[in-house]
There are 6 protein chains.
Amino acid sequence: MFFHKKELQYLSKPDRPDPVFARQLQEVLGGQFGEISVAMQYLFQGWNVRGNGKYKDLLMDTGTEELAHIEMLATMIARLLEGAPVGDLEKAAQDPVIGAILGGMNVQHTIVSGLGAMPVDSMGNKWNAGYIAASGNLLADFRANLNAESQGRLQVVRLYESTNDRGVKDMLSWLIARDTMHQNQWIAAIKELEAKENVVVPSTFPKELEKQEVSYVLFNFSEGEKSATGRWASGTSMDGLGTFQYVQQPEAYGGKPNLNPAPFYIHNTLP
Amino acid sequence: MFFHKKELQYLSKPDRPDPVFARQLQEVLGGQFGEISVAMQYLFQGWNVRGNGKYKDLLMDTGTEELAHIEMLATMIARLLEGAPVGDLEKAAQDPVIGAILGGMNVQHTIVSGLGAMPVDSMGNKWNAGYIAASGNLLADFRANLNAESQGRLQVVRLYESTNDRGVKDMLSWLIARDTMHQNQWIAAIKELEAKENVVVPSTFPKELEKQEVSYVLFNFSEGEKSATGRWASGTSMDGLGTFQYVQQPEAYGGKPNLNPAPFYIHNTLP
Amino acid sequence: MFFHKKELQYLSKPDRPDPVFARQLQEVLGGQFGEISVAMQYLFQGWNVRGNGKYKDLLMDTGTEELAHIEMLATMIARLLEGAPVGDLEKAAQDPVIGAILGGMNVQHTIVSGLGAMPVDSMGNKWNAGYIAASGNLLADFRANLNAESQGRLQVVRLYESTNDRGVKDMLSWLIARDTMHQNQWIAAIKELEAKENVVVPSTFPKELEKQEVSYVLFNFSEGEKSATGRWASGTSMDGLGTFQYVQQPEAYGGKPNLNPAPFYIHNTLP
Amino acid sequence: MFFHKKELQYLSKPDRPDPVFARQLQEVLGGQFGEISVAMQYLFQGWNVRGNGKYKDLLMDTGTEELAHIEMLATMIARLLEGAPVGDLEKAAQDPVIGAILGGMNVQHTIVSGLGAMPVDSMGNKWNAGYIAASGNLLADFRANLNAESQGRLQVVRLYESTNDRGVKDMLSWLIARDTMHQNQWIAAIKELEAKENVVVPSTFPKELEKQEVSYVLFNFSEGEKSATGRWASGTSMDGLGTFQYVQQPEAYGGKPNLNPAPFYIHNTLP
Amino acid sequence: MFFHKKELQYLSKPDRPDPVFARQLQEVLGGQFGEISVAMQYLFQGWNVRGNGKYKDLLMDTGTEELAHIEMLATMIARLLEGAPVGDLEKAAQDPVIGAILGGMNVQHTIVSGLGAMPVDSMGNKWNAGYIAASGNLLADFRANLNAESQGRLQVVRLYESTNDRGVKDMLSWLIARDTMHQNQWIAAIKELEAKENVVVPSTFPKELEKQEVSYVLFNFSEGEKSATGRWASGTSMDGLGTFQYVQQPEAYGGKPNLNPAPFYIHNTLP
Amino acid sequence: MFFHKKELQYLSKPDRPDPVFARQLQEVLGGQFGEISVAMQYLFQGWNVRGNGKYKDLLMDTGTEELAHIEMLATMIARLLEGAPVGDLEKAAQDPVIGAILGGMNVQHTIVSGLGAMPVDSMGNKWNAGYIAASGNLLADFRANLNAESQGRLQVVRLYESTNDRGVKDMLSWLIARDTMHQNQWIAAIKELEAKENVVVPSTFPKELEKQEVSYVLFNFSEGEKSATGRWASGTSMDGLGTFQYVQQPEAYGGKPNLNPAPFYIHNTLP
Ligand SMILES: [Ca+2]
Ligand SMILES: [Ca+2]
Ligand SMILES: [Ca+2]
Ligand SMILES: [Ca+2]
Ligand SMILES: [Ca+2]
Ligand SMILES: [Ca+2]
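Presented here is a report on the structure given in the accompanying data block. Throughout this description, residue numbers start from 1 for each chain and increase along the sequence as written. Written order decides the labels, with chains lettered from A and ligands numbered from 1. Given that this is a predicted model, residues contribute local features only at a pLDDT of at least 70 and side-chain atom pairs are listed and counted only at 80 or more, while totals for whole chains, interfaces and linings are drawn from all residues. Computation of side-chain values covers all heavy atoms of the structure but excludes hydrogens and water.

Quick look at the coordination of the calcium ion (ligand 3)
Working step 1: Distances define the donors: N, O and S atoms within 2.8 Å of the metal qualify, as do those within 3.2 Å of Na, K or Ca. Water is excluded, so some sites may look unfinished. For the calcium ion (ligand 3), every protein donor is listed as Asn220 of chain C (OD1), Ser222 of chain C (O), Gly224 of chain C (O), Asp57 of chain D (OD), Asp57 of chain D (OD), Asp61 of chain D (OD) and Asp61 of chain D (OD), and the spread of their distances is 2.2 to 3.0 Å.
Working step 2: The cut-offs for exposure are 20% and 50% of the maximum accessible area for each residue type, with area from a 1.4 Å probe on protein chains only; residues under the lower value are buried, those over the upper are exposed, and the others partly exposed. Taking relative accessible area as the criterion, Gly224 of chain C reaches 32% and is therefore assigned partly exposed.

In C-alpha cells, the structure reads:
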C-alpha cells in the first residue's frame, strides 16, 4: 500500500521556461531508461520476490523512491512549459525563436497535454512495458537494474551538459547523485549473489547438461583478430570453471538444413 | 559487409513436430531478450564504436554469431511446425490433442507464416527496437549485454526444462553453453573498463557537480528495515569514494509545488 | 513523494493456483483499462494540475490508491501461478488438464517472469502510455476517468463471473466496490464542473467562432431513421444553448477536392 | 455497406501552404482522440450492438460522418504540404524559414508520403487500435465517446488558436461545431441509459456481491485534506444508494503477502 | 463523404458459434493484411492522389468496399462468439471442450469486447498504421496493394481450409473471389503504369545519377551458386536497360570505417 | 551461419557533419521500408523456404547484402552526427543554426545513442517486425519484396534530392542502383512464378470454391465513373480466366444483420 506526500523529494524549479528543453527532459521521465521504467521494474521485481527478505525491501524502497523522481520531473517539465507559444509558419517566419521552439518542442505539450508532462520519451514515443525486466531470478534482474541506472545516469549527465539553467542543473545534480547510489547498491547486491551462486545466470542449471566444449570459446566471426587480445580470449574464465579459447576460423557443425514441404492445405509455393 | 554459409552453426532438428513448443521457442528468437535483440544490440554497438579496437571486433564477432543463432532457431521452429493441424471447434471437441494444439500454438504460424518462424515472442508480440541499448558508452552497454545474456540464458534453461524432445534439448544445450561464454566475456570486458574508469557510469562526470550528500544514501521508502542489513547500507561504497548510509525516515527537500496557471489560449480548467 | 507499507490494502489470496485465470486477470492489471492505466492517468493529471486545490488532492488520493490495487493484483497473479506446470505437446497429449493450461495460460508467466505478474494484458500486449489521458482540462479528464472506471468495473465483473475460487471472488468484490466509489466520485466532480462551466468542453471557446448552424444537428449518414426518435434529435440541446435538429439527407458542403501536382523532386506519379 | 461521394462534407482549403501546421493538424486526424479513433470506435460499437435499435443507428450515423472528417483533414493536410521544401543543414543555415520548416514539419511528409496525409499523430506515432473502446455495454461506451469528443474538441480548439490561416480556421470551426453536437448527443444518450439503469456500470451486478462497506468511501492516500471538502466526500452518493464517507487515515486490510518459493525447474533465486 | 446502408454486402452467418475460430478470423479483420489495412491503405492513397482521374476513383471504389468487408467480418465474429463460455481451470479440467475454448479463444472477446469483434489480429495484437503504405507514387503503391491482396487472399484460403462451418465457408468464398478481382485489378493498373513509365520506381530519377555499374548485378553473398541459374543473373534486365551479371566473389569497395571520437560532453567511452 | 568483414560494401563518408540530415537518413535505415526491414524480410523468407533451390539462395544472397547496407547507413549517420551541438532555448535563441539543429535533429542521437545510429525511422519510431512479410508462398512474398524495393528506392531518391553533400549523394547513388537491381530481380522471379502458377495468389485454391460471379467485378462504391474507363473494368481479366465487369450500382446481398443478445454473465446493455 502506498501513501503520498505533496512535498517533492527535491527542488524542481527552473530559472525560466524552456519548452525545447522540456521535450528533451521527457527522455529521462518516459524513455526506455527513464524514471517510469525503473519505478515499474523495481516494483514488479519486488512484488514477485518469493520470500520477504532484504532484497524485497530494497526493491520496494528504491521503486517507491523512483515514483518521487517521476513526480519531480513531471513538475519540472510543467514549469519549463509555462507560456509555451503556439503558432504556425507565419509566426515562425517572423520570429526565429518561435521557429526554433515550434521545431524543438514536443507539439503535443501544447495540443494534447495542455502544458503538462507526458509519459513519453524525447521523440514522443509512448512509454511501454517492453522496456522493463522482472524474471524472478534476482541476479539476472539486478544486472537489469545496474544497466538501467548506468544508461539512465549517462542520459541525465548528457542533459546536464545541454542546459545553462541553474534550477534545472540543480535538480539534475540530485538525480545524478541518486543514480550514483543506485549503481553502487545494485553492484553490492550483485556481488553478494555472485559470491553465493557463481557468476553465470542461472547458477542452478547442471553444468553437464550444457554443451561444455563451447562454453568458453570466442569464435572469430568478424574478420580481424583484435578481439583475440582481450581477457575474454585466454586464461581462466570469469566463473573459474573453464579456460577461455579463441577459435580463429569457426566451423559449421549443423549441416545444411533441408525443410520438408508444407501440407497442401497451407498453400505455400509447391517445391 | 557480411557473408552467409548455408550450413548451420549447430544441429537444429527435433525428434518430432510440436507446434505448441514452437510457439514457446519463439520467445528466445523474437522476444525481449531473444536472439534478434542481442544480434541487433551488439551490431549497433559495434557500428557506433568510435575507434577500431578490440571492443569493436568483439562486438562484431559476437553480433555476427547471434545472426547464426536466429537462423538455428528459425530452422528449429519451422521443423517443429511440420504438419501442424488446422481446425475449428468441431475438431477440437473431437480430439483433445487438436484442442490442445489450437490453444497452445501461435495460430499465425498457420495463417500468416505458412509454418515458418516469425520475428515475434511467445505471446505473438512483434519484435521492436525498444528492446535494445547502444549508448556509445561501452561500460553502460556491456552491462546491457550481460543483462541480456543473463535473462536470455535463464529463458533457454526454462525452455529446456519444458521439453522431452532430445533434438530440441541438444540444440538448447548449445545455446546455453554459448550464453555461458557470453556472460563470461562481458564480465571480463566490464571488469577491464571498471578497473580503468571506476564503477559508476559515466566516469567522466565531475564528482563535485553531483549532489554528493545523497550519493551513498539508502532511503527507507518502504516500511520495514530489512534492507538496512545489506552491504549497500553501510561501509565503504562500491566505488570506494564514499560511505553507505541508511536513512530511516526520509525527508522531503522540495516543498509543495505550485504551478502557475496556463495561458488562456490553452483552454485548461481555469484556477 | 511516496511511502510504501508492506501490508496489502486488502486480502489477495486464492483458494488454489490457476494459471489460466492468472492470465485472464492480467487484463485488469496491465490492460487498456487496468490498474496501471488508472494509476498513471490520475497521477499525471494530478501532477499537471495548475493550482493546489481539492481536485489535485482527489487525483493524488485516488492515483495513490490505484498503486495499491496494482500490488494486490500482482500478488494474486503470483499466487495463482504457483506450481504452474511446464511442458510440451507430449505432456499435453497425455493429460488434458496440462493441455488446457498450456493453451490457456500466458506462457511468458513461465518463460519470462518466473511465475510473477507482468505489466501486460490478458493477450500479452505490453502496457503502453497510449491508453491514458491527461489534458490539463479537468472536465475532459474526469470524463476520461469515469470512462476508465466504467470499463474497468465491467471487466472485473466479467472476471468475477468466470471463476469459482472464493479467495479470488473476495478480492474482486473489493475492487468492484472501489470502482463503485470511483464512478460516484468522478460523477460528482463532473457535475460540479458542468454546473460551473456548462457541459461542452472546452467551455472557454467563444460560441460565435464555431459554425453554429451545425452545432446541434444529427446527420443521417446511415440509412434508416431509428436514431431520429432519440432525445438527441429534437428538443433543447443538453447544453441549453440550442435546439436539436435531424437532417434526413445530409448534403455535401465542401465540393470535390482537386489537389495540385507535387513538385518534381518528390517523384510522385506525374498527373 | 458504405458508399462514397467525392464531395467533401465541408470546405477544406487553406489560404496558403504551411507544412509546420500540417504536422500539428495530424494530431486530430491520427492521434489518440483524432478522427480515425472516433470513426473506428463508433463503427465497432455499432457493429457489436446486439439488437437493431436507435443506438445502433446513432452509432452508424456518427461513425460514418467521422469517415468524412478523416477525409476533410487528409485533404487539408495535403494542401498545407504543397511545395514543402526539402533540404539539409546547409539550406537551414542559410534560410531561417527553411530551418524552421525542417524542424517543425513531419519529415515523413516528404520522404514517405510524398506530401500526403498519414494515419499518425503530431509526433509521428502511428495510429493504433489501443486508442479505442467497444465493450458491448453502451453506457460504458457512450462515456468513452463523450470523453473522446471532449478531448478531441479541446485539441481542435487549441489548433484553432495556433493559426492565422482563415481557410484552416473556417474548417476547424466546422469540426468544433460538430464536436459540440457529438458531446450533446452522447450526454443525451448517457442520461437516458442512466435513468433506466442507474449510474454505476454495469448496473446488472448484484449490489450484495460487492464489498459494500467501501463502496462510498474516499481514502486519504495523499497527505492533505482538501479533497475532504468536495461533494464526493459526504452526503448521499451520486447513485442514491449510499452515503459518501471520508477516511482520514486509511488502514491496510490485507496483511503482508508471503509468496511460496517457485518450483526448482523455474530457476528463480533460491529463497 | 460516406453513406452507410444497414444491409451487408454479403451473407455473414455461421451455422453455429465457434469462439476458437472467431479468434482466428480476427487475422483477416485486424491483422497486417486484414480488411482494416486495405481499407485504410486505399483510402489514404485515394485522398492523396494529386489529380482527379480514374486511379483516384478506383482507389475510392475499392477502399469503400473494404469498409463493407470489415463490417461483414465484424458481424461474423460477433455471431461466432455467441454464448462463449467463461470459466477457470476448474471448468477446464472438467470439460475438455471448455478447456479447448479457453485456450483457443481470444479471452478479450469475453472480458473486453463483450462478445464483439475487435480491431486486432489472431494473436491479439492491436491494429496499427505501420501496416500500410501510401507514398504518392502510384506504381509503388499499387505494388503494395497487389502484395496486400496476395497475402490477404492466402490467409483467407488458409482459414477456409480450417473450418467445416458452411456459413463461414460461404462468406469466405465471397472474400476470396473479391481478392481475385482485386489482384487482377491492381495487376492491370500496374501494367498500365509500367508501360508508361518503365518498371523501376521512381521512373523519374535520371539514370546517370545512379551508380550504374551495379544496377544489374547479383552479388553472391550466400555461399552456393544456385541463384546464378535464375533469369535475374543473366540476360537483358527486366527494364530493358541493362544486362544482368553475376558476381561470384563480391568485393568490398568501402574500406574500413574509422569514426572520430565523440566530443567530451557526450560522455562516451574515451578512445 | 554468417561472417563479417570490417570493410564496407561501399564508401560511406559525408563531406561534413549534418545532424538534421542524419535524422532524415534514419528513415531508410530503420523505417517501414528501410534496410532493417528488407534484411529481416529476405532472411526470414529464406529460412522458411521448404526446399533448397535457387529461390532460397537468392533470398539469402540478397538478405545478407542488406545487412551490409544497414552497416553503411549506420556508419554514415554516425559521421553526420559528429560534433552535434547540445543545447537549450538560450542557445537556440542566440544562434539560428543551433535552433534549426535542435528542431531538426533527432534529440535521442545526443541523449540516448551518443552520436550513433539507431534502429528507428526519421520520426523516431522504433523499428518493429509488423513491417515485414514472410508467408511461405513465394509469389506473395516476392510481391512484398518488389513493393519494399519500390517504396525504398523512392525514399532514397527523395533523400538524394534533399542534400547537397557530395559524399552522401555518392553513397545514395549506390543504394539507388542496388534498388534498381533488386526491383529487376524480384520482377524476374515474379514473372517466372506467374508463368508457372498463373497470377492470382494462391494458385492452388480450386476455382469452383470461390464465389465466381464476383471474381472479376468492379463495384462502383465511390460516386463517379472514371474508374469504369480503366483496363480493369472490361475485357479479359489479367489471369485470363474471366471477363472484367463494371457494376454501376452495387447491391447488398447480405441483408440486415440482427445479433442475438449476449448471455447475462457478460453484463452488456440489455436489449
Ligand atoms: Ca574478429
Ligand atoms: Ca524499507
Ligand atoms: Ca440513420
Ligand atoms: Ca488527501
Ligand atoms: Ca549464393
Ligand atoms: Ca466510382
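Some details on helix H2 (residues 35-48) of chain F
Working step 1: Only runs of H or I of at least four residues qualify as helices and only runs of E of at least two qualify as strands under DSSP, and these elements are numbered from the N terminus. To estimate the expected span of a helix, count its residues, drop one, and scale the result by 1.5 Å. For H2 of chain F, which comprises 14 residues, the first-to-last C-alpha distance of 20 Å matches the rise-based estimate of 20 Å (1.5 Å per residue) to within 8%.
Working step 2: Burial analysis of H2 of chain F places 14 of its 14 residues in the buried class, the great majority of the element.

Digging into the interface of chain F and chain E
Working step 1: Contact criterion: two residues are considered in contact whenever any of their non-hydrogen atoms come within 4.5 Å of each other. With 110 residues of chain F in contact, the opposing surface of chain E contributes 109 residues.
Working step 2: Buried area, as used here, totals the accessible surface that two parts lose on assembly, with accessibility defined by a 1.4 Å probe and the loss added over both. With both chains or domains summed, chain F and chain E bury close to 9400 Å², and 62% of this area falls on carbon and sulfur atoms.
Working step 3: Together, Lys211, Phe221 and Trp232 of chain F form the three largest contributors to the area buried by chain F at its contact with chain E, with a combined 7%.
Working step 4: Here a salt bridge means any side-chain nitrogen of Lys or Arg lying within 4 Å of a carboxyl oxygen belonging to Asp or Glu. Run the count over chain F and chain E and you get four salt bridges.
Working step 5: Two residues, Arg153 of chain E and Glu210 of chain F, come together in a salt bridge whose shortest N-O distance is 2.8 Å.
Working step 6: We call two N or O atoms a polar contact when they sit within 3.5 Å, provided that within protein one can donate a hydrogen and the other can accept it, with sequence-adjacent residues counted only if both atoms are side-chain atoms. Linking chain F to chain E there are 66 residue pairs in polar contact (both at pLDDT 80 or more).
Working step 7: When residues of the side of chain F that touches chain E are traced back to their parent elements, those giving at least two are helix H3 (54-80), helix H7 (138-161), helix H8 (166-197) and strand S2 (217-219) of chain F.

Things to note about the interface of chain A and chain F
By convention, interface size is frequently given as the accessible area that disappears when the constituent parts associate.
Working step 1: Each side of the interface is counted separately: chain A has 45 residues, and chain F has 46 residues.
Working step 2: Interface area for chain A against chain F, summed over the two sides, is near 3600 Å², with a carbon-plus-sulfur share of 52%.
Working step 3: Looking at the side of chain A facing chain F, the largest losses of area belong to Met123, His267 and Thr269 of chain A, adding up to 18% of the total buried there.
Working step 4: Along the contact surface separating chain A from chain F lie one salt bridge.
Working step 5: Counting the contacts that link chain A with chain F gives 17 residue pairs in polar contact (both at pLDDT 80 or more).
Working step 6: For the side of chain A that touches chain F, the element with the most residues is helix H1 (residues 19-30) of chain A, which contributes six residues.
Working step 7: Gly counts as polar in this scheme, as do all residues outside two lists: the nonpolar Ala, Val, Leu, Ile, Met, Phe, Trp, Tyr, Cys and Pro, and the charged Asp, Glu, Lys and Arg. Grouping the constituent residues of the side of chain A that touches chain F by class yields 20 nonpolar, 15 polar and 10 charged.

Everything listed here is a matter of geometry and, on its own, says nothing about what the molecule does.
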